[in-house]
Amino acid sequence: MSIKIKTLILAASAGVLLFSLAGIGGVRASNDGAYRQMEVYSEVLSRVRSEYVEEPNLPVVTDGALHGLLESLDSNSSYMNAEQYKDYKAHKTSAKGDIGAAVSKRFGYASVVAVIPGGPGDKAGLQDTDILEAIEGKSTREMSLAHIRSLLSGEPGSNLNLSVVRARRSEPQKVVVTRDIVTIPPVAEKALSDGIVQVHVDALTKGKSQEIANKIKALQKSGAKKLILDLRDCAQGEESEGIATANLFLNHGTITYLQGQKYPREAFNAEPSKAISSLPLVVLVNKGTAGAAEIVASAILENARGDVVGDKTFGDGSVQKLIELPDGSALILSIAKYYSPQGKAIQDAAVTPNVSVADANDDAAAPDEDENAAPADVQKKAAPERDQQLDKAVEVLKNRQS
């Protein structure tokens, strides 16, 4: 097949994809507009082929264009070529181990949102806000998020080589993480003062809402008067668990709802029979709070059930659909988003606390680190003498009448 024919086929394929996705962002382009986009793409591709400094690898160029197109929609939408999709399916069915970190994309690269305490990533020295510049020597800039997550999983005991960029360190550092089966720490409680109890949750994985319910029932029996639900760095889990957790504290009102261009609105309302606590409540959040935990925080805040204290959350909450293509490649498209009770798309707006307190562990306050040390060799950011966010949560509860 000639280069010219290949170019026309690639242009037509990309044009069809552009046409099919034209309405995803809520803007319905006319047919004429879609065809104009096809013409522009065809012209650009033709110019690249005829005038670039050397003859380009057209399949690579097109893969890059499709990758950029999908990533421009949102970080959870992905394009995988046939090789990447084959690898993705293999990992999805066989991989049992993981690194124990929630990862999204930031600045075009893979970024750590939060790390599970005691997990492989934590043991290797990974921290939230670390940028994973490369995985096994391959830049994450041109990888879809789905492909990145598949590469992070693998057989327990296998090693994963990462290139990590961290604030106040000018050069990427090499770090090796040994994958393992990740165990989520149990829900923990800590008695503070004046009958206030802090309940800490690291992830809202399957079964955690029931674990939280059991913990709160026991605390109420033992005399707890007010609650702090600590969801800081809680970035993993299932939205259904977030909905169930919010319902523990709400006996009425909307918790969240799903909606998309072709996804009819699906509301999740609080069921009175599932509410177990009417104690005064504060939810603690930070930049590492994402997904299911954001559903909890927004539901509590916007139903006026309690206060939310801390930093603005990460912003994540959508449903994806996998679409296989004839050439063996695949698309992962976000088809619906979770919304707060007041109609804010959580993925776009995140959750802004009504009582804002900056995280004392922000990188801006971190000391300069040894340029030659690997992340695992660098002492973790020392915990501040006082947890200002927790202190504020206690203050808010003390000032509130039971």
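With that settled, consider the overall build of the protein. A count of helical and extended segments in the protein gives 11 helices and 17 strands. Relative to its 402 residues, the protein shows a buried fraction of 47%. Surface accessibility of the protein: about 19,800 Å² in total, with carbon and sulfur atoms responsible for 51%.

With that settled, the discussion passes to the packing of aromatic side chains. With the rule as written, the count across this model stands at two aromatic pairs. Considering the side-chain rings of Tyr85 and Tyr88, the 6.2 Å spacing of their centres and the 25° angle between planes classify their relative orientation as stacked. Separated by three residues within a single helix, Tyr85 and Tyr88 lie in helix H4 (residues 82-94), roughly one turn from each other. The class of Tyr88 is buried, set by a relative accessible area of 13%. Aromatic pair Tyr257 and Tyr339: ring centres 5.0 Å apart, planes at 5°, arrangement stacked. Here Tyr339 lies in strand E16 (residues 330-339) and Tyr257 lies in strand E11 (residues 254-260), a separation of 82 residues in the sequence. Of the two residues, Tyr257 and Tyr339, both sit in the buried class. Over the aromatic face of Tyr257 sits the side chain of Arg265, whose NZ or CZ is 3.7 Å from the ring centroid.

When its volume is computed, the largest pocket comes out at roughly 1,300 Å³. It is helix H6 (residues 145-152) that provides the largest number of residues to the lining of the largest pocket, a total of five residues.

To continue, consider the packing of H4 against H6. H6 packs onto H4 with a crossing angle of 45° between their chain directions and a minimal axis gap of 9 Å. By the angle between their directions, the pair H4 and H6 is classed as oblique. Classified by chirality, the crossing of H6 by H4 is left-handed. Where H4 approaches H6, its residues Gln84, Asp87, Tyr88 and His91 are matched on the opposing element by Ala146, His147, Ser150 and Leu151. Residues of the contact of H4 with H6, tallied by class, amount to three nonpolar, four polar and one charged.

This paragraph deals with the environment of Val355. Relative to the elements of secondary structure, Val355 occurs in strand E17 (residues 355-356). Sequence spacing of Val355 and Gly310 is 45 residues, and the spatial spacing of their C-alpha atoms is 6.6 Å. If we skip the residues at most four places from it in the chain, Val355 touches Val308, Val309, Gly310, Lys392 and Val396.

The strand order across the open sheet built from six strands is E8-E9-E10-E13-E14-E17, with neighbouring strands paired in mixed fashion. Lying at the two open borders of the sheet, with one neighbouring strand each, are strand E8 (188-191) and E17. Against the sheet, helix H9 (residues 292-302) makes contact with strand E10 (226-230), strand E13 (281-285) and strand E14 (307-310), and its axis sits at roughly 140° relative to E13, the strand it touches most. Sheet contacts for helix H11 (residues 388-398): strand E9 (196-200), E10, E13, E14 and E17; angle to E13, the most-contacted strand, approximately 165°.

A few words now on the pairing of E16. Along a regular strand, successive side chains alternate from one face of the sheet to the other. Of all 10 residues that make up E16, eight are buried, and the element is covered over most of its length. Where strand E15 (residues 318-324) folds back on E16, the antiparallel hairpin that results is connected by five residues, among which Gly328 adopts a positive phi of roughly 95°.

This paragraph deals with helix H8 (residues 239-247). Regarding H8, the residues found buried are Glu241, Gly242, Ile243, Thr245, Ala246 and Asn247. Looking at the buried residues of H8, the elements they touch are helix H7 (208-221), E10, E11, strand E12 (263-269) and H9.

A separate point is the pattern of salt bridges. Applying the stated criterion across every chain yields a total of 14 salt bridges. Of the charged contacts in the structure, one is a salt bridge between Lys398 and Asp194, with a shortest N-O distance of 3.5 Å. Placement of Lys398 in helix H11 and of Asp194 in the loop between E8 and E9 is noted, with a sequence separation of 204 residues between them. Residue classification places Asp194 among the exposed residues on the basis of a relative accessible area of 57%. Here Arg386 and Asp391 are joined by a salt bridge, their closest N and O atoms 3.0 Å apart. Note on Arg386: relative accessible area 54%, which makes it exposed. Through salt bridges with shared partners, one network takes in Glu43, Arg47 and Glu51.

How each quantity is defined
Residues numbered from 1 in each chain as written. Predicted model: local features only at pLDDT ≥ 70, side-chain atom pairs only at ≥ 80, totals over all residues. Heavy atoms only, no water. Helix = DSSP H or I, 4+ residues; strand = E, 2+ residues; numbered from the N terminus. Buried < 20%, exposed > 50% of the residue type's maximum accessible area, 1.4 Å probe, protein only. Areas by Shrake-Rupley, 256 points an atom, 1.4 Å probe, with all protein chains shown as cover. Phe/Tyr/Trp six-rings, centres within 6.5 Å; stacked < 30°, edge-to-face > 60°. Lys NZ or Arg CZ within 6 Å of the ring centre and 35° of its normal. 1 Å grid on protein atoms, 1.4 Å probe; cavity = no way out; pocket = protein on both sides within 12 Å on 5 of 7 lines; lining within 4 Å. Points joined across faces, edges and corners; volume = space filled by probe spheres on them. Axes fitted to C-alpha atoms, helices over the stretch in contact; angles between N-to-C directions. Parallel < 35°, antiparallel > 145°, perpendicular 65-115°, else oblique. Left-handed = near helix turned anticlockwise from the far one by under 90°. Contact = heavy atoms within 4.5 Å. Nonpolar A, V, L, I, M, F, W, Y, C, P; charged D, E, K, R; others polar. Pairing = 2+ DSSP bridges. Salt bridge = Lys/Arg side-chain N within 4 Å of Asp/Glu carboxyl O.

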